There are 2 protein chains.
Amino acid sequence: MMSDSIQQNISLDHIRVIAFDADDTLWVNEPYFLEVAKKFGDLLEDFIPRHNASQELYKTEMQNLPLYGYGVKGFMLCMIETVIRVTSHAASPQVIQKVIQYGQELLNKPIDLLDGVEDVLTALSDNYRLVIATKGDLLDQERKLEKSGLTKYFHHIEIMSEKQPKDYMKLIKHLDCQPDEFLMLGNSIKSDCLPVLELGGHAVHIPYHTTWAHEKVDQSLVHPRFVQIKTIRDILPLLKQEAVAK
Amino acid sequence: MMSDSIQQNISLDHIRVIAFDADDTLWVNEPYFLEVAKKFGDLLEDFIPRHNASQELYKTEMQNLPLYGYGVKGFMLCMIETVIRVTSHAASPQVIQKVIQYGQELLNKPIDLLDGVEDVLTALSDNYRLVIATKGDLLDQERKLEKSGLTKYFHHIEIMSEKQPKDYMKLIKHLDCQPDEFLMLGNSIKSDCLPVLELGGHAVHIPYHTTWAHEKVDQSLVHPRFVQIKTIRDILPLLKQEAVAK
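Residues numbered from 1 in each chain as written. Chains lettered and ligands numbered in written order. Predicted model: local features only at pLDDT ≥ 70, side-chain atom pairs only at ≥ 80, totals over all residues.

Quick word on the interface of chain A and chain B
So, point 1. Tallying the contact residues gives 25 residues for chain A and 25 residues for chain B.
So, point 2. Looking at the side of chain A that touches chain B, the elements that each hand over two or more residues are α3 (50-68), α4 (72-86), α5 (93-107) and α7 (138-148) of chain A. (Contact = placed C-beta atoms within 7 Å. Helix = DSSP H or I, 4+ residues; strand = E, 2+ residues; numbered from the N terminus.)

Re the packing of helix α4 (residues 72-86) of chain B against helix α5 (residues 93-107) of chain B
For any two helices packed against each other, one specifies the crossing angle of their axes together with the interaxial distance.
All names here are of chain B.
So, point 1. Two elements in contact, α4 and α5, have axes whose closest approach is 10 Å; the angle formed by their N-to-C orientations is 165 degrees. Here α4 lies roughly antiparallel to α5, going by the angle between them. The interaxial crossing formed by α4 with α5 has right-handed handedness. In contact with Val72, Phe75, Met76, Met79, Ile80 and Val83 of α4, α5 contributes Val95, Ile96, Val99, Ile100, Gly103, Leu106 and Leu107.
So, point 2. Class assignment of the residues belonging to the contact of α4 with α5 gives a composition of 12 nonpolar, one polar and no charged. (Axes fitted to C-alpha atoms, helices over the stretch in contact; angles between N-to-C directions. Parallel < 35°, antiparallel > 145°, perpendicular 65-115°, else oblique. Left-handed = near helix turned anticlockwise from the far one by under 90°. Nonpolar A, V, L, I, M, F, W, Y, C, P; charged D, E, K, R; others polar.)

As for unusual backbone geometry
All names here are of chain A.
So, point 1. Phi at His89 takes a positive value of approximately 65 degrees, unusual for a residue other than glycine.
So, point 2. Position of His89 relative to the elements: it lies in the loop between α4 and α5.
So, point 3. We classify His89 as exposed; it has 12 C-beta atoms within 10 Å. (Buried ≥ 20, exposed ≤ 12 C-beta atoms within 10 Å, placed from the backbone.)

As for α5(A)
So, point 1. End to end, α5(A) covers 21 Å across 15 residues, agreeing with the expected 21 Å (1.5 Å per residue, within 8%).
So, point 2. When α5(A) is considered as a whole, its buried residues turn out to be Pro93(A), Val95(A), Ile96(A), Val99(A) and Gly103(A). Down the axis of α5(A), the buried set is contained in an arc of 160 degrees. They therefore lie on one face.
So, point 3. Where α5(A) is buried, its residues touch α2 (30-43) and α4 of chain A together with α4 and α5 of chain B. (Expected span 1.5 Å × (residues − 1). Arc of directions from axis to C-beta.)

Describing the relation of the copies chain A and chain B
So, point 1. When chain A is brought onto chain B, the operation consists of a screw motion whose angular component is 180 degrees and whose axial shift is 0.0 Å, with 0.0 Å RMSD remaining. Seen this way, the second copy is the image of the first under a two-fold rotation axis.
So, point 2. Comparing interface residues between copies, 100% of those in chain A also lie at the interface in chain B; the contact surface is shared. (Least-squares fit on C-alpha atoms with pLDDT ≥ 70 in both.)

Considerations on the environment of Gln101(A)
So, point 1. As for its placement among the helices and strands, Gln101(A) is situated in helix α5.
So, point 2. Assessed through the 13 C-beta atoms surrounding it within 10 Å, Gln101(A) is described here as partly exposed.

Some words on the packing of helix α3 (residues 50-68) of chain B against α4(B)
All names here are of chain B.
So, point 1. Contact geometry of α3 with α4 gives a least axis separation of 9 Å together with a crossing angle of 130 degrees. One finds that α3 runs oblique with respect to α4. Every pair of crossing elements has a handedness; the one defined by α3 and α4 is right-handed. Where α3 abuts α4, its residues Glu56, Leu57, Thr60, Glu61, Asn64 and Tyr68 lie against Gly74, Phe75, Leu77, Cys78, Met79, Glu81, Thr82 and Val86.
So, point 2. Residue composition of the contact of α3 with α4, grouped by class: seven nonpolar, four polar and three charged.

Quick look at helix α7 (residues 138-148) of chain B
So, point 1. Restricting attention to buried positions, one finds in α7(B) the residues Leu138(B), Leu139(B), Asp140(B), Gln141(B), Lys144(B) and Leu145(B).
So, point 2. As for α7(B), its buried residues are in contact with α7 and β3 (156-160) of chain A together with α4, α5, β2 (129-135) and β3 (156-160) of chain B.

Thoughts on the nonpolar core
So, point 1. Among the nonpolar cores identified, the biggest contains 76 residues, and Met184(A) and Met184(B) are the most heavily contacted of them.
So, point 2. Once residues lying within four places of it in the same chain are set aside, the contact partners of Met184(A) are Ala19(A), Ala133(A), Asp192(A), Cys193(A), Val196(A), Gly201(A) and Ala203(A).
So, point 3. With 40 residues, the next largest nonpolar core counts Phe40(A), Met79(A), Leu43(B) and Ile84(B) among its residues. (Core = buried A, V, L, I, M, F, W, Y, C linked by C-beta atoms within 7 Å.)

Here we look at the pairing of β3(B)
Residues and elements named next belong to chain B.
So, point 1. Bridging between β2 and β3 involves five bridges; their strand directions are parallel. Bridging from a neighbouring strand, Lys135 pairs with Met160 of β3.
So, point 2. Chirality of the crossover, the property in question, places the unit of β2, α7 and β3 among those that are right-handed. (Pairing = 2+ DSSP bridges. Right-handed = clockwise from strand over helix to strand, strands pointing away.)

Details of the sheet that holds strand β5 (residues 202-205) of chain A
Residue and element names in this part refer to chain A.
So, point 1. What the six strands build is an open sheet, ordered β3-β2-β1-β4-β5-β6; its pairing is parallel. The open sheet has two edge strands with one neighbour each: β3 and β6 (226-228). Looking at each pair of strands side by side, their axes are set apart by 20 degrees on average, direction ignored.
So, point 2. Sheet topology places strand β4 (residues 182-186) next to β5; four bridges connect them, and they run parallel. Considered in β5, the bridge of Leu185 is made with Val204.

Brief notes about the sheet that holds strand β5 (residues 202-205) of chain B
Residue and element names in this part refer to chain B.
So, point 1. In space, the six strands of this open sheet follow the order β3-β2-β1-β4-β5-β6, with parallel pairing throughout. Single-partner strands in this sheet number two, and they are β3 and β6 (226-228). Strand-to-strand, the axes of this sheet are offset by a mean angle of 20 degrees, without reference to chain direction.

Here is the structure:
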């Protein structure tokens with residue numbers, strides 16, 4: 001964690017575009033995945049210890065990530081593949097059917113907005129161009145946004161297959177702004193902050209209480225264009241509230 | 001089929017943006033799915049006749065389309081669900097593993113450009129803004145485009161969860177052109193032509209020798225802003241070759 005005094009030093013005077021990550025930044029996501037991962041462990045408890053089930057699932061996910069990308073459908077396919085592998089083909093089709101059911105339930109979860117999100121979007125939408133920059137399955141992310149009722153606040157929605165610097169560069173170019181005018185907020189240092197800082201943009205980290213292993217980084221970040229805040233509401237005092245040229 | 005004389009009557013003088021569907025318009029796609037569907041029938045031949053296997057798979061696909069959207073990952077999940085249902089849970093996990101393998105092979109297929117595609121894109125790219133408008137899994141469609149070597153011809157790539165009029169409207173607005181300046185080319189009357197015509201745009205149908213049942217329409221289309229051609233090369237004589245304001 002950075003000290004409060006350092007946090008206040010970030011200068012966000014030139015910001016025109018604010019991009020928000022969606023999952024675990026605007027609404028609950030990872031806890032739903034963890035809930036399914038727990039039920040997945042239960043399904044396999046006759047075959048392997050619960051802890052190994054998560055490890056094996058993560059191994060399958062990492063192996064297939066370049067092929068499937070992010071999102072629930074790939075997660076479902078990885079659960080199925082893991083069941084087959086760890087049971088040495090001994091699992092019944094009922095187990096696989098359960099996995100499909102869990103995945104479909106995940107796709108149908110209601111949207112649970114995080115505290116303060118709507119207030120912050122309301123406060124910022126008059127003075128800034130707001131966009132969403134999120135990874136995941138195309139239709140699923142669109143559906144979640146639709147369900148969230150937040151569409152009206154956003155100028156543009158970017159569903160990305162990756163969040164590498166080149167992907168943000170494309171987005172920034174598309175939004176016709178300079179990296180220095182671009183601020184990204186999200187719960188992942190790895191995906192939401194580091195690539196944006198690399199391009200000359202600004203980044204705000206809002207840690208969520210649980211983070212997918214793939215998004216974790218072993219470093220504490222100190223950077224003149226970076227700040228970590230506790231909740232999304234803490235962004236407001238850092239930004240000018242008067243009108244700026246969007 | 002429309003007569004040659006009617007075909008020549010379409011006026012494409014105002015076109016500034018030409019959008020191409022990708023699968024089965026720029027490169028081979030449906031035959032690869034059919035190949036997998038055939039192998040899927042083989043897998044299930046101990047349980048149900050081949051024709052029923054395709055019907056059952058299609059039924060599962062239609063049922064899950066609102067949840068999964070288009071693309072290979074959803075297709076894989078539908079094959080797995082179909083295996084479990086039609087075998088009344090009697091299929092071995094090996095069968096499901098085979099299905100996963102077929103799907104992964106589909107994701108790794110090489111890109112086979114259709115005849116004339118590169119010549120047409122080369123001829124048009126100086127005078128028109130060219131874009132891709134395609135359905136499917138985000139990462140998979142991006143990867144196919146990358147493999148195709150065609151990226152350099154396109155001003156913008158739109159991967160869409162649906163091809164309804166509202167989706168095209170968003171694209172046209174985003175491209176900052178008028179519907180009357182927009183021309184869509186594709187192999188599906190339902191997805192590539194009808195919604196664009198509804199908005200006041202122009203559409204060109206290039207039938208492919210095989211079409212997914214979901215994309216078929218039972219109507220012959222006659223419309224002043226529509227034309228059907230035999231191969232992608234036939235678009236060239238219909239378009240002005242001199243420079244236009246893009």
